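So the chains spell out like this:
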Amino acid sequence: MKYLLIIFISLYSSLSFAQPNCNVFLWEGDTIKYNACKLSEKFTDYYQFDMKGQAILDSCIQMCPYYAWPYFEKASTYLKSGNILEWDYHINKSYEYDPVGTLPYRASCRAKFFADYEGAISDINELDSLVSYDIGHTNLGTYHLHVWKGICYKNLGKFAEAINVIEHHIQSRPDAIGFYDYLHLGVCYQKIGRHKKALECLEKQIEYSDLAENWYYSAISFRELDKQKEFNISINKAQEYMSRGQTLRGGFRTLDDEIFQYDLDKLKNN
Amino acid sequence: MISKINKTLLFCVLLSLVSCKTQQDSKTPRWLDDIQYDSKVDKKNFVVCDDDDIYQYFNLGDAIHYNGDKPMLINSFLQNYDSTKVKKESGLIRIRFIVNCHGETDRFRIIQSDLNYKEKEFDKNITNQLMAITKALDGWGQKYKEDGTSVDYWQYLTFKIIDGKIVKILP
């Protein structure tokens, strides 16, 4: 599993915004963009942070300043070094020349890496207004962007809006329910004191991905409902799962609603 | 004999030129956003085990590899950061540094922006506190390659500040 994650992370860059088929630009009659695109193919020979690869992206930009892809790739690299200013400059340039291609990634990363939930919601709404087809998923494919919008509302403390958006997605797209959608929905219900509804969601979550988080949040709701026996079962399950590493874990960031041993200990001792 | 001495001298001169070139090359960053040693701000005795191969934080393992995990790291800031003595400013502050193969840290660098990602300079009472607390963090875990060798890695912390208070620590 660990190695699978490492392989996935190494592929992350190329997954986030696939390199275009250069022939498209040729068919459109744009030979400048076509040439820049052909040059940009050499970037994939290098590790993303390698200055030689970055120099290729710079040459592409010099050759065709309105070609979005090299800006996007540079933004992605700066994001990973936490370089707020360079990230913003390059992702906005990418957006300027390819808003539809850039908005899913910008919406994902604004929330994930800068806690800019308003910015992410605004990007998702804009994308929704620009396309007539399914707006798609966050950059790693974990969440549908509508659910991501709900998670952003949740992080802003707007739980009713979050519930509304996530419930709507689950009902309208039962074929596109994500691995953790019910977990976050359950936590939203819990935050507004609807513990029975929270437990329903957390039980459904087991079908999609059974994690320590599931049992941890269930334990909280059982305690609120004065169900000591169920609380004990849940907290023990959460500990069992935590001990064997069956939890949410992210290589790039701490995930939404992720828990740690510290959180479990705190709940046990309160 | 003279010719042999000349050849030796020529060899030494060429060797010194090559050495100079190598030293210059080593100052050219190989990776994007590499932080070079700066004698004015960095510790002289800080050891980077392999300067040519510093990993990114996400290359091996968890995003925050810290003793007690992210909650312990957050606690360090909650306990030591005093928001009552700072200006009520808002924005993002990123501090990036190296965790070496022994789990020690140095080469701290800071970037600051407003909430629209535009460069700004925060009240020094905010940045100095964040920098001091970050420098004092001593629970960073070592990260290992598959062959068991511990590596150096780049780590960063981004602080979202609202009205002088820390509201989120990322990633």
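Residues numbered from 1 in each chain as written. Chains lettered and ligands numbered in written order. Predicted model: local features only at pLDDT ≥ 70, side-chain atom pairs only at ≥ 80, totals over all residues.

Undergrad: Where do I start with the overall build of chain A in this structure?
TA: A tally of helices and strands in chain A yields 15 helices and 0 strands. For the C-alpha atoms alone, the extent of chain A along its principal axes is close to 70 × 35 × 30 Å. Per-residue burial for chain A yields a buried fraction of 44% across its 270 residues. Restricting the contact set of chain A to residue pairs at least 6 apart, pairs at least 24 apart contribute 49%. (Helix = DSSP H or I, 4+ residues; strand = E, 2+ residues; numbered from the N terminus. Buried ≥ 20, exposed ≤ 12 C-beta atoms within 10 Å, placed from the backbone. Contact = placed C-beta atoms within 7 Å.)

Undergrad: How should the overall build of chain B be read in this particular structure?
TA: When you go through chain B residue by residue, the secondary structure sums to 3 helices and 7 strands. When the elements of chain B are put in sequence order from the N terminus, they spell out α-β-α-β-β-α-β-β-β-β. Within chain B, the fraction of its 171 residues that count as buried is 25%. Counting contacts in chain B only where the partners sit at least 6 residues apart, residues at least 24 apart contribute 68% of the total.

Undergrad: Sorry if this is basic, but what is going on with the interface of chain B and chain A here?
TA: Accessible area lost upon the coming together of the parts serves often as the stated size of an interface. The interface of chain B with chain A comprises 29 residues on the first partner and 27 residues on the second. Taken together, the elements giving at least two residues each to the side of chain B that touches chain A come down to helix 2 (69-80), strand 2 (91-99), strand 3 (105-113), strand 6 (153-162) and strand 7 (165-170) of chain B. Residues that form the side of chain B that touches chain A fall into these classes: 15 nonpolar, 4 polar and 10 charged. (Nonpolar A, V, L, I, M, F, W, Y, C, P; charged D, E, K, R; others polar.)

Undergrad: In this structure, what is going on with the domain arrangement of chain A? I would like to understand it.
TA: When its domains are assigned, chain A resolves into domain 1 (2-97) and domain 2 (195-269). Put simply, the middle of domain 1 of chain A and the middle of domain 2 of chain A, counted by C-alpha atoms, are 39 Å apart. (Domains from an automatic or database assignment.)

Undergrad: I'm lost on unusual backbone geometry in this one. Help?
TA: Negative phi values dominate among residues other than glycine, just as trans dominates among peptide bonds. A cis amide bond links L170 of chain B to the next residue, P171 of chain B, at an omega of 5°. Positioned with a positive phi, A115 of chain A is a non-glycine residue whose angle comes to about 50°. Its place among the elements puts A115 of chain A in the loop between helix 7 (99-114) and helix 8 (117-130). Even without being glycine, D163 of chain B reaches a positive phi, approximately 50°. For D163 of chain B, the location among the structural elements is in the loop between strand 6 and strand 7.

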